[in-house]
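# Examination of the molecular architecture
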Amino acid sequence: MTEIISGPCSAESEEQVLATAGALSALAFPEGMRLCAFRAGLWKPRTRPGSFEGVGEAGIPWLKRVQEELHLPVAVEVGTPAHLEAVLKAGLDMVWIGSRTVTNPFAVQELADCLKGVDVPVFVKNPINPDVQLWMGALERVRKAGVRSVSAIHRGFSFYEESRYRNAPKWQVPIELKRLMPDVPVYCDPSHICGCREYLGEVSQRALDLGFNGLFIESHIQPEAALSDASQQVTPAQLKELLDALTIKASTSSDAGILSQIDALRSQIDRIDDELLDLLAARMQVSAQIGSCKKRGNVQVLQQSRWDAVLSAALAGARQRGLDERAVKDIFEAIHRASIEKQI
Ligand code: PEP
Ligand code: MN
């Protein structure tokens, strides 16, 4: 089952909260998906002061109404122990720790201390920078507090470079998290990755194709009038359209023909990987020989013009073969780094 958590970026008024939650809970979700909670931020971590910073505790009774009248669990962001205490005292259902907070282990530990003996589901967003250890550390701190339901949310990473995304997805980071912590469910928050409505569908589909457990998508009864993140929120009706257009693929197939074809292709991949490793070992050996020549000749290890030439040749080769140049660049940079290490 793909779990959907939706609701506005911020709780703005009782009417907005109830109208959005009411419309969401009236939607017929596509098969294989269900609305498992309503999200709304009460305390908003804004980049610059002076923007709308949330209604704070004043919004708690509105969320209680969602819980009680619509029987919909509610999730809010907590950034400080005071937020968490207010949420727990009110008996709200779930909390998430935002990206900026996760970046600071002191802040996460303070929240974890406050979670001791309380077993509410906690969602931990990825830190702002693509550091899987920092993300794991936050998940571990919450787990160590005794919380049994701990999940991760992938919301992309902040980058200085221009990007079509608000927060670059860097999918290899959540994939690595799944490898390191296979029992932690991973959700995707396409809203904060995209920063706009246009790409929500493709990012959500990618998350489903990668086997994510659910989606966190911001929705608002009147997105263009939202007090925060207006350009990325969708109406409940648009959310339904978006979800209807997604395809949930099975984690495996029951078609024996497909399975045996995949098996045969995987054997081919395994053979090619072996050849690649042989080639890499041979390359490293030559690199070590060059290293000793350089030592004997008292020549510097890094030869910038040679590296420029190697990389340009690799990129030209990638172009000729129709390979993804970015991927080839990453691979050659890793090879070059290892080669330099070998020569030092
Ligand atoms: C949010 O979910 O509204 C939010 C502030 O998210 P993030 O921590 O991912 O920026
Ligand atoms: Mn938001």
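### Quick look at the nonpolar core
Judged by nonpolar contacts, the single largest core of 69 residues is most densely connected at F38, L63, V122, V124, L139, L177 and L243. Per-element accounting of this core gives the leading share, 6 residues, to helix α6 (residues 132-144). Beyond its immediate sequence surroundings of up to four residues, V122 is in contact with V95, I97, L115, V142, V147, S149, V150 and S151.

### Looking at the site of ligand 1
Around ligand 1 lies a shell of 13 residues, among which R39, K44, S99, K125 and R155 are the nearest. Separating an oxygen atom of ligand 1 from a side-chain N or O atom of R39 is a distance of 2.7 Å. Within the side chain of K44, an N or O atom sits 2.8 Å from an oxygen atom of ligand 1. In isolation ligand 1 offers 300 Å² of accessible surface; the protein chains occlude 97% of this area. Broken down by class, the residue content of the shell around ligand 1 amounts to 3 nonpolar, 3 polar and 7 charged.

### Looking at the pairing of strand β6 (residues 150-154)
Counting buried positions over the 5 residues of β6 gives 5, a clear majority of the element. Side chains V150, A152 and H154 of β6 all project onto a buried face; the interleaved residues S151 and I153 project onto the opposite face, where all are buried too. Two strands pair when backbone bridges link them, and strand β5 (residues 122-125) and β6 are joined in this way by 4 bridges, in the parallel orientation. For V122, the partnering residue across the bridge sits in β6 and is V150.

### Considerations on helix α9 (residues 200-209)
Burial in α9 covers these residues: L200, V203, S204, Q205, A207 and L208. Against β1 (2-7), β2 (33-39), β7 (186-188), α8 (190-194), β8 (214-218) and α10 (236-244) lie the buried residues of α9. The positive-phi residue at the C-terminal boundary of α9 is G211, with phi of around 80°.

### Points about helix α11 (residues 256-297)
Its 42 residues give α11 an end-to-end C-alpha distance of 61 Å, which sits within 8% of 62 Å, the value for a rise of 1.5 Å per residue. Residues of α11 that are buried include every one of S287, G291 and K294, and no others. On the buried face of α11, the contacting elements are α13 (325-343). A side-chain oxygen of the first residue of α11 lies 2.8 Å from the backbone nitrogen of G257; this N-cap is D255.

### Details of the coordination of the manganese ion (ligand 2)
Distances from the manganese ion (ligand 2) to its protein donors, C9 (SG), H192 (NE2), E218 (OE) and D229 (OD), fall within 2.1 to 2.4 Å. In the primary structure, the donors to the manganese ion (ligand 2) are separated according to the pattern C-x182-H-x25-E-x10-D. One end of the pair, H192, is in helix α8; the other, E218, is in strand β8, with 26 residues separating them in the sequence. The residues H192 and E218 share a single accessibility class, namely buried.

### Points about the packing of aromatic side chains
A complete count under the given rule lists 6 aromatic pairs for this structure. Ring geometry for F123 and F216: centres 5.4 Å apart, planes at 65°, overall edge-to-face. Remark: F216 occurs in strand β8 and F123 occurs in strand β5; sequence separation between them is 93 residues. An identical accessibility class is assigned to F123 and F216; each is buried. An aromatic cluster is built from W96, F123, Y187 and F216, whose rings are joined through pairwise contacts. Positioned above the aromatic ring of Y199, the side-chain terminus of R164 is 4.0 Å from the ring centre.

### What about a nonpolar patch on the surface?
There is a patch of nonpolar side chains on the surface, built from I258, L259 and I262 and spanning about 210 Å² of accessible area. Along the chain, the position of I262 falls in helix α11.

### Points about the side chain of S204
Within the secondary structure, S204 sits in helix α9. Taking relative accessible area as the criterion, S204 reaches 0% and is therefore assigned buried. With residues up to four places along the chain from it excluded, the contact list for S204 reads P190, L215, I217, L242 and L246.

### A closer look at unusual backbone geometry
In this structure, H71 is a non-glycine residue whose phi angle is positive, near 55°. Within the fold, H71 resides in the loop between α2 (60-70) and β3 (74-77). With a relative accessible area of 67%, H71 lands in the exposed category. Here N298, not a glycine, exhibits a phi torsion of approximately 55°, which is positive. With respect to the secondary-structure elements, N298 resides in the loop between α11 and α12 (304-320).

### Some remarks on the packing of α12 against α13
α13 packs onto α12 with a crossing angle of 145° between their chain directions and a minimal axis gap of 9 Å. Handedness of the crossing formed by α12 with α13: right-handed. In this structure, α12 contributes W307, V310, L311, A314, L315, A318 and R319 to the contact, and α13 contributes E325, V328, K329, F332, E333 and H336. Each residue belonging to the contact of α12 with α13 can be placed in one class, and the counts come to 8 nonpolar, 1 polar and 4 charged.

About the cut-offs
- Residues numbered from 1 in each chain as written.
- Chains lettered and ligands numbered in written order.
- Predicted model: local features only at pLDDT ≥ 70, side-chain atom pairs only at ≥ 80, totals over all residues.
- Heavy atoms only, no water.
- Core = buried A, V, L, I, M, F, W, Y, C linked by side-chain atoms within 4.5 Å.
- Buried < 20%, exposed > 50% of the residue type's maximum accessible area, 1.4 Å probe, protein only.
- Helix = DSSP H or I, 4+ residues; strand = E, 2+ residues; numbered from the N terminus.
- Contact = heavy atoms within 4.5 Å.
- Near = heavy atom within 4 Å.
- Polar contact = N/O pair within 3.5 Å; in protein donor to acceptor, adjacent residues only side chain to side chain.
- Areas by Shrake-Rupley, 256 points an atom, 1.4 Å probe, with all protein chains shown as cover.
- Nonpolar A, V, L, I, M, F, W, Y, C, P; charged D, E, K, R; others polar.
- Pairing = 2+ DSSP bridges.
- Expected span 1.5 Å × (residues − 1).
- Donors = N, O, S within 2.8 Å, 3.2 Å for Na, K, Ca; no water.
- Phe/Tyr/Trp six-rings, centres within 6.5 Å; stacked < 30°, edge-to-face > 60°.
- Lys NZ or Arg CZ within 6 Å of the ring centre and 35° of its normal.
- Patch = residues over 30% accessible without salt bridge, like charges linked within 9 Å, V, L, I, M, F, W, Y side chains within 5 Å.
- Salt bridge = Lys/Arg side-chain N within 4 Å of Asp/Glu carboxyl O.
- Axes fitted to C-alpha atoms, helices over the stretch in contact; angles between N-to-C directions.
- Left-handed = near helix turned anticlockwise from the far one by under 90°.

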